[in-house]
Amino acid sequence: MSQTNKLKIFNDPIYGFITIPSTLIYDLIQHPYFQRLRRISQMGMTYLVYPGAHHTRFHHAIGCMHIMQKAVQTLRFKGVDISDEEENALYVAILLHDIGHGPYSHAMEKSIVEEVHHEELSLLFMKELNIEFKGQLDLAIQVFKGDYHRKFMLQLVSSQLDMDRMDYLRRDSFYSGVAEGNINSERLIQMMNVQDDYLVIEEKGIYSVEKFLVARRLMYWQAYLHKTGVVAELILTKILKRAKELTQKGINLNCSQPLKFFLNNKISLNDFNKSILEKFALLDDYDIMGAIKEWQFNDDFVLGSLCKMILNRDLLKIQMVNDKPNKESLLAYKNIYMNMYNLSEKEVAYFVFKGKIKNQAYSKVDEPIRILKKDKTVEDVVEASDQLNLKALSKPVTKYFICFPKVVLEA
């Protein structure tokens, strides 16, 4: 295949045409590990709230790579020295930053694989690809792990104002229709610079940063932590937990081979070798949805009922409460439902439970967003801003909830 044939373009609904900058990037995009992201939804169960939210992690990764190209152009224009090798490493690192996501990833991390986070799996995939591509990902892996000596390069890939957040806020806002999440990523990128090896935003861009942080907060409450989306994801987690529990008891559940493997085995990060990684790479949203369609008819009351809830969008009732709920507050609901369906204490816990959601738009503990003042001094955005609400945005907000079946209210 000739080289020119690999420099293709994508048509993206947000940025217009996106060019593939090198043959290495083209080959990585073509790899089955990466193509799998076309079958993994970016916003999980949020489509049950916002029907348009069906875009994929493939979309998002390509978008991140595109705005990284813009960031490199801007920084070079301002005199920041970025070699061709470093440029390439930034594109590879941002393109592959989410490659470790499983189907409905947050539900997966809590049920099928034992507390293995997608960042750790992304690194394992990158290392595997690096062997296949004969060391061409060495520098990208260093950047991704934060081992490279130029700190600003990691900040472009992973920080409180990275290309990942800039793309997902804009993209998720576009597809979900939640206009409050829309941000001006072009202006933010135009305002970027590097000072003392740190990524900074020039002072005139401070309002764009404020808008970005407010948009992030609103997007979390209105989309990512929308209570219906939250309860749907919790039900999904419980479906997978129940399926694993039944499988471990020797009950055979019909599903795809890769899913069956993860239900049958307890897999933690240390267990991941090439063969398990290959199995993980075969999992996508279709395995989970296919299994749920099959399991809705299962004899197990818990599994069957939870599956029907997701398929028919007839979810558990989720009620926000002001104070942290105690076990006693759930007892009445539990007793009614246990008596209705003759359930055990353990079974009813799948339907009646409590939880909390936490939102923090900006953290003062993490790497700060630095503002470059006209006198060349650098200040944390919270100090530099005349907006009092930025101080409020850096405080974590926790909301509590309880979940229970709707029929309990009628009983």
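Criteria and thresholds
Residues numbered from 1 in each chain as written. Predicted model: local features only at pLDDT ≥ 70, side-chain atom pairs only at ≥ 80, totals over all residues. Heavy atoms only, no water. Axes fitted to C-alpha atoms, helices over the stretch in contact; angles between N-to-C directions. Helix = DSSP H or I, 4+ residues; strand = E, 2+ residues; numbered from the N terminus. Left-handed = near helix turned anticlockwise from the far one by under 90°. Contact = heavy atoms within 4.5 Å. Nonpolar A, V, L, I, M, F, W, Y, C, P; charged D, E, K, R; others polar. Phe/Tyr/Trp six-rings, centres within 6.5 Å; stacked < 30°, edge-to-face > 60°. Buried < 20%, exposed > 50% of the residue type's maximum accessible area, 1.4 Å probe, protein only. Lys NZ or Arg CZ within 6 Å of the ring centre and 35° of its normal. Expected span 1.5 Å × (residues − 1).

**Regarding the packing of helix α4 (residues 84–95) against helix α7 (residues 138–145)**
Then, number 1: Between α4 and α7, whose axes approach to 8 Å, the crossing angle comes to 65 degrees. The element α4 and its partner α7 pack so that their crossing is right-handed. Between α4 and α7, the residues in contact are Glu85, Glu86, Ala89, Leu90, Val92 and Ala93 and Leu139, Ala140, Val143 and Phe144, respectively.
Then, number 2: When grouped by side-chain class, the residues that make up the contact of α4 with α7 number 8 nonpolar, no polar and 2 charged.

**Let's talk about the packing of aromatic side chains**
Then, number 1: All chains considered together, the criterion is met by 16 aromatic pairs.
Then, number 2: Both rings, one in Phe262 and one in Phe280, keep their centres 6.0 Å apart while their planes meet at 80 degrees; by these two values the pair is edge-to-face. Here Phe262, found in helix α13 (residues 257–264), pairs with Phe280, found in helix α14 (residues 274–281); they are 18 residues apart in sequence, far enough to count as distant.
Then, number 3: The class of Phe262 is buried, set by a relative accessible area of 0%.
Then, number 4: Here the basic side chain of Lys279 rests over the ring of Phe261, its NZ or CZ set 4.8 Å away from the ring centre.

**Quick word on helix α12 (residues 227–248)**
Then, number 1: Along its 22 residues, α12 runs 31 Å from first to last C-alpha, staying within 8% of the 32 Å computed at 1.5 Å per residue.
Then, number 2: In terms of burial, α12 is a largely internal element, 17 of the 22 residues being buried.
Then, number 3: Phi for Gly250, located one or two positions after α12, is positive at around 95 degrees.

**Some points on the environment of Gly52**
Then, number 1: Positionally, Gly52 belongs in the loop between α2 (32–35) and α3 (57–77).
Then, number 2: In this structure Gly52 comes out as partly exposed when scored by relative accessible area, which is 37%.

So yeah, pure geometry; function would need other evidence.
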